[in-house]
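Coordinate analysis (summary)
Below are the chains, spelled out letter by letter.
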Amino acid sequence: MEWKAIAEGIWKVTIGVPEAHTPVAWRKFPVQEEALKDMGTAKLPEVAGQITSRQDKRGLQIMLPMDTQEDIYGFGLQFRSLNQAGRKRLLRVNSDPAADTGESHAPVPFYISTAGYGLFADTFRHAEFYMGTSLEKGRSSHRREVNQAHEEFSESALYALKRNAERRTVIIDLKAVEGVDLYLFAGKVKEVVQRYNLFSGGGCLPPMWGLGVWYRSYGGSGQEAVQDMARSFREERMPVDVLGLEPGWHSHSYSCTYQWSDLFPRPEEMIQDLEGQGYKLNLWEHLFVYPAASFYQELLPFSGEYEVWNGLVPDFGTPEARELFADYHREHFVRKKIAGFKLDECDNSDMNASNWSFPDTARFPSGMDGEQMHAAIGGLYQGLVYDMFRGEDRRTYSQVRSSGALAAPLPFVLYSDLYDHKQFIRGMVTSGFSGLLWAPEVRSCRNGRDLLRRMETIMFSAHAIYNCWRIPNPPWKQVDITKNLAGEFMEDTGYYTDVCRRYHEIRMSLLPYLYSAFVRYRREGIPPVRALVMDYEEDLQARNVDDEYLLGDSLLVAPMTLEDGTERRVYLPAGKWHDFWNGTVLEGGKSYEITADYDKIPVYVRDGCILPLAEPVEYVSRDTVFQIHPRIYGDVREECTLYEDDFETFAFERGKFNRISLGVDAEGKLRVERSGGERERCRIVV
Ligand code: GAL
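Residues numbered from 1 in each chain as written. Predicted model: local features only at pLDDT ≥ 70, side-chain atom pairs only at ≥ 80, totals over all residues. Heavy atoms only, no water.

Some remarks on the overall build of the protein chain
From N to C terminus, the protein chain includes 13 helices and 32 strands. The C-alpha radius of gyration computed for the protein chain amounts to 25 Å, which stays within 12% of the reference 26 Å derived for 686 residues, consistent with globular compactness. Dimensions along the principal axes, computed over C-alpha positions, put the protein chain at roughly 75 × 70 × 55 Å. For the protein chain, the proportion of its 686 residues judged to be buried stands at 61%. (Helix = DSSP H or I, 4+ residues; strand = E, 2+ residues; numbered from the N terminus. Rg over C-alpha atoms; globule rule 2.2 N^0.38 Å. Buried < 20%, exposed > 50% of the residue type's maximum accessible area, 1.4 Å probe, protein only.)

Some words on the pairing of strand 8 (residues 117-121)
Most of strand 8 is tucked away: five of the five residues are buried. Residues Tyr117, Leu119 and Ala121 point to one face of strand 8 and Gly118 and Phe120 to the other, with burial holding for every one of them. Taking the residues that link successive antiparallel strands as the turn, the strand 7 (residues 107-113)-strand 8 hairpin has three residues, and the phi of glycine 116 there is positive, at about 95°. Relative to strand 11 (residues 179-186), strand 8 runs antiparallel, the two sharing five bridges. (Pairing = 2+ DSSP bridges.)

Brief notes about the sheet that holds strand 12 (residues 213-216)
Spatial ordering of the open sheet is given by 17-16-15-14-13-12-18, a layout of seven strands whose pairing is parallel. Every other strand in the sheet has two partners, leaving strand 17 (412-414) and strand 18 (464-467) as the edge strands with one partner each. Taking each pair of neighbouring strands and ignoring which way they run, the sheet shows an average axis angle of 25°. (Axes fitted to C-alpha atoms, helices over the stretch in contact; angles between N-to-C directions.)

Concerning the sheet that holds strand 19 (residues 529-530)
Strands sit in the order 19-20-21-26-23-24 across an open sheet of six strands; the sheet is antiparallel. In the strand order of this sheet, the two ends are held by strand 19 and strand 24 (585-587), each with one partner.

Topic: the pattern of salt bridges
Going through the model one piece at a time under the given rule, you end up with 57 salt bridges. Lysine 12 is the partner of aspartate 181 in a salt bridge, and the nearest nitrogen-oxygen pair spans 3.8 Å. In this pair, aspartate 181 sits in strand 11 while lysine 12 sits in strand 2 (residues 10-16), placing the two residues 169 residues apart along the sequence. Owing to a relative accessible area of 23%, lysine 12 belongs among the partly exposed residues under this scheme. For aspartate 599, the salt bridge is made with arginine 502, and the minimal N-O distance between the two is 3.4 Å. In this pair, aspartate 599 sits in the loop between strand 25 (590-595) and strand 26 (603-606) while arginine 502 sits in helix 12 (residues 493-524), placing the two residues 97 residues apart along the sequence. Judged by its relative accessible area of 18%, aspartate 599 falls in the buried class. Given a relative accessible area of 33%, arginine 502 falls into the partly exposed group. Taken together, the salt bridges that share partners define one network made up of Arg58, Lys88, Glu128, Asp173 and Lys175. (Salt bridge = Lys/Arg side-chain N within 4 Å of Asp/Glu carboxyl O.)

Regarding the side chain of glutamine 61
Among the structural elements, glutamine 61 can be located in strand 4 (residues 59-66). Under the relative-accessibility criterion, glutamine 61 is labelled buried at 6%. Side chain to side chain, glutamine 61 and arginine 54 meet in a polar contact 2.8 Å long. Within the structure, glutamine 61 has its side chain in polar contact with the side chain of aspartate 56 (distance 3.0 Å). Apart from the residues within four sequence positions on either side, glutamine 61 is in contact with Thr52, Ser53, Arg54, Asp56, Ile172 and Asp173. (Polar contact = N/O pair within 3.5 Å; in protein donor to acceptor, adjacent residues only side chain to side chain. Contact = heavy atoms within 4.5 Å.)

A closer look at the environment of valine 664
Locating valine 664 in the fold gives a position in strand 30 (residues 658-664). Separated by 29 residues in sequence, valine 664 and aspartate 635 have C-alpha atoms that sit 8.8 Å apart.

Things to note about the domain arrangement of the protein chain
Looking at the assigned domains, one finds that the protein chain contains domain 1 (4-139 + 152-200), domain 2 (239-483), domain 3 (528-606) and domain 4 (610-684). Inter-centroid distance (C-alpha atoms) of domain 3 to domain 4 is 25 Å. The interface of domain 3 with domain 4 comprises six residues on the first partner and six residues on the second. Carbon and sulfur atoms make up 64% of the surface buried where domain 3 meets domain 4, a total of about 530 Å² over both sides. For the pair domain 3 and domain 4, the number of links is zero salt bridges. Along the contact surface separating domain 3 from domain 4 lie one residue pair in polar contact (both at pLDDT 80 or more). (Domains from an automatic or database assignment. Buried area = accessible area lost by both parts, 1.4 Å probe.)

Some details on the site of the ligand
Around the ligand, the surrounding shell consists of Glu246, Pro247, Tyr254, Trp284, Lys342, Asp344, Glu345, Arg401, Tyr415, Asp417, Asn467 and Trp469. Contact between the ligand and tyrosine 254: an oxygen atom at 2.9 Å from a side-chain N or O atom of the residue. Aspartate 417 places a polar side-chain atom, nitrogen or oxygen, 3.4 Å from an oxygen atom of the ligand. In isolation the ligand has 310 Å² of accessible area, and contact with the protein removes 91% of it. Tallied by class, the residues present in the shell around the ligand amount to five nonpolar, one polar and six charged. (Near = heavy atom within 4 Å. Areas by Shrake-Rupley, 256 points an atom, 1.4 Å probe, with all protein chains shown as cover. Nonpolar A, V, L, I, M, F, W, Y, C, P; charged D, E, K, R; others polar.)

A short note on the packing of helix 10 (residues 448-459) against helix 12
As a packed pair, helix 10 and helix 12 sit with axes 10 Å apart at the nearest point and diverge in direction by 5°. Looking at the two axes, helix 10 sits roughly parallel to helix 12. Contact residues: Gly448, Arg449, Leu451, Leu452, Met455, Glu456, Ile458 and Met459 in helix 10; Tyr495, Tyr496, Val499, Cys500, Tyr503, His504, Arg507 and Leu510 in helix 12. Along the lines of polarity and charge, the residues of the contact of helix 10 with helix 12 split into eleven nonpolar, two polar and three charged. (Parallel < 35°, antiparallel > 145°, perpendicular 65-115°, else oblique.)

What to know about helix 9 (residues 421-431)
One turn of an α-helix holds 3.6 residues; hence residues three or four places apart share an orientation. In terms of residue burial, helix 9 counts as a mostly covered element, since ten of its eleven residues are buried. Residues His421, Gln423, Phe424, Ile425, Arg426, Gly427, Met428, Val429, Thr430 and Ser431 constitute the buried set of helix 9. Elements in contact with the buried residues of helix 9: strand 5 (72-76), helix 10, strand 19 and strand 20 (549-551). Two or three places before lysine 422, at the opening of helix 9, aspartate 420 has a side-chain oxygen 3.2 Å from that residue's backbone nitrogen.

Take a look at the structure:
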């Protein structure tokens, strides 16, 4: 196999004749070659010389060796497992996978091995990856252990992956293809992730307001109710930046008209009112176009063979469908101050008892078939929306239900209602390996305590969002859906409102810190939310932690769920850690049984850093200047870098930003250095 270097630390090989429609063929963003060079040189991973392939009637199979101690991560958003060693992954878009099959809203044919490499198979097909579940015959022929006592009689013990066994094989099974391009990325886990993200085009940089608090309102609310609620948040001093409207704003949804319904008789007046109060407005939609939509007829020839919920499936692989959709949205929404869209249900799985899907056999005018389109559609849809905003020199931060390969530059966060809180947390941990962001939305809560636990998690995530599409009143007033609908409030609503407000404020104080974490995502490919193994790969215990994560450079978050009660085990990697709330110093490299009341989420600060906390503002405006109070933790070893720009356009790409370095001088006093000639947006208060 002839591996060709395509950028520093990345190689490619072509096996057979690859398909025309693949993630790379459809890529939007250029490889970040300079940033890859800045990472330094790397050697072609050894595994490159050990890969074999074979082609037969069922398709193409690729084989690689796998050592017994190798740990495997990636494959996109995964809810049910973190370490994929010893598992088979089926990479097909499925909106509600019931078991740990590998299927998800955002499967990605990319994995990272602790053997020092990452591998990406450039395909939209339902690829299957056997990650060391298979041993070639003969590998166990030396075994002679007999009459050994069984430690445990259970299915899981008997079936378990026998870790200390012989060398195993990775098999990549690509059915019905005649070829594929493989890409190899060199390095440690974090470097491989960085290289993959830079290959994808670098991570996204949301506008600052996108990192504030989001609130999606009740689907049945009309214009007045939305405006009243917006006012009540301001009256209650509840920081919120973005309001979202749910399906009720369409004159018909499922499928969509993209026209205001009778519930919103004067949308422009509402948009203006909300803008005046400092809100950004985000609109729910999906891409299935209802016959009453104004561009339905024109779209007919540029849509797929089958309908979804009586609507057309636009083929975003054709320029005509993209233009029809984008022109309409630009004129009616983007230029009318809408700040983003929630791209729902593009994870349409064909495993539902519903006509919410198109079959894999469907044909599309671009030449894609339904199988490819299922994997491509989320990315194409995001790309189209991104372009609309980019054309206006505005950044968006939005939501999407399906994504896939090379998505890091797309400023969209994945979400779904269907998982429990632990799975939400794991989703955050796993998505970061493949250039994806996951939102642990606050939605249904079983009681007030559940609300607090979920709310705390979102505030320390990439997307602080309440999804209240089923309740007309905020959850801090009533968590029970029936009572909320009836307008009955909880007795202790004052308490819940206060705790939520406190956390909204904490979120706002983290904004400049989070923004700078996203700048690193953009420039260096370092994800803002990371599994512990990314920063602590040598620590074998950290490798399997799936319920804690690193947020930005300095924070370790260990969220708690209702089921945890007030106790959980927290693993802290080597080094010292400072409790975010009370400063207590804990020695890492071990686990602690910790106790935290329902209004406290366990968060730890890495020793030796500076945390730039801002005074909370209620929302981010063009004029916001953050007042930053740097907190110093231990003997500072790492500088803290903040970035300031206009926080909302693409001017930063044209060099219009400042860099602020915070460090400590010989006497232990804070040292602030600013470079760049842009307006001050972060004032350092010493
Ligand atoms: C769901 C989506 C929810 C909400 C709902 C509205 O599919 O996940 O967040 O938007 O549709 O109908």
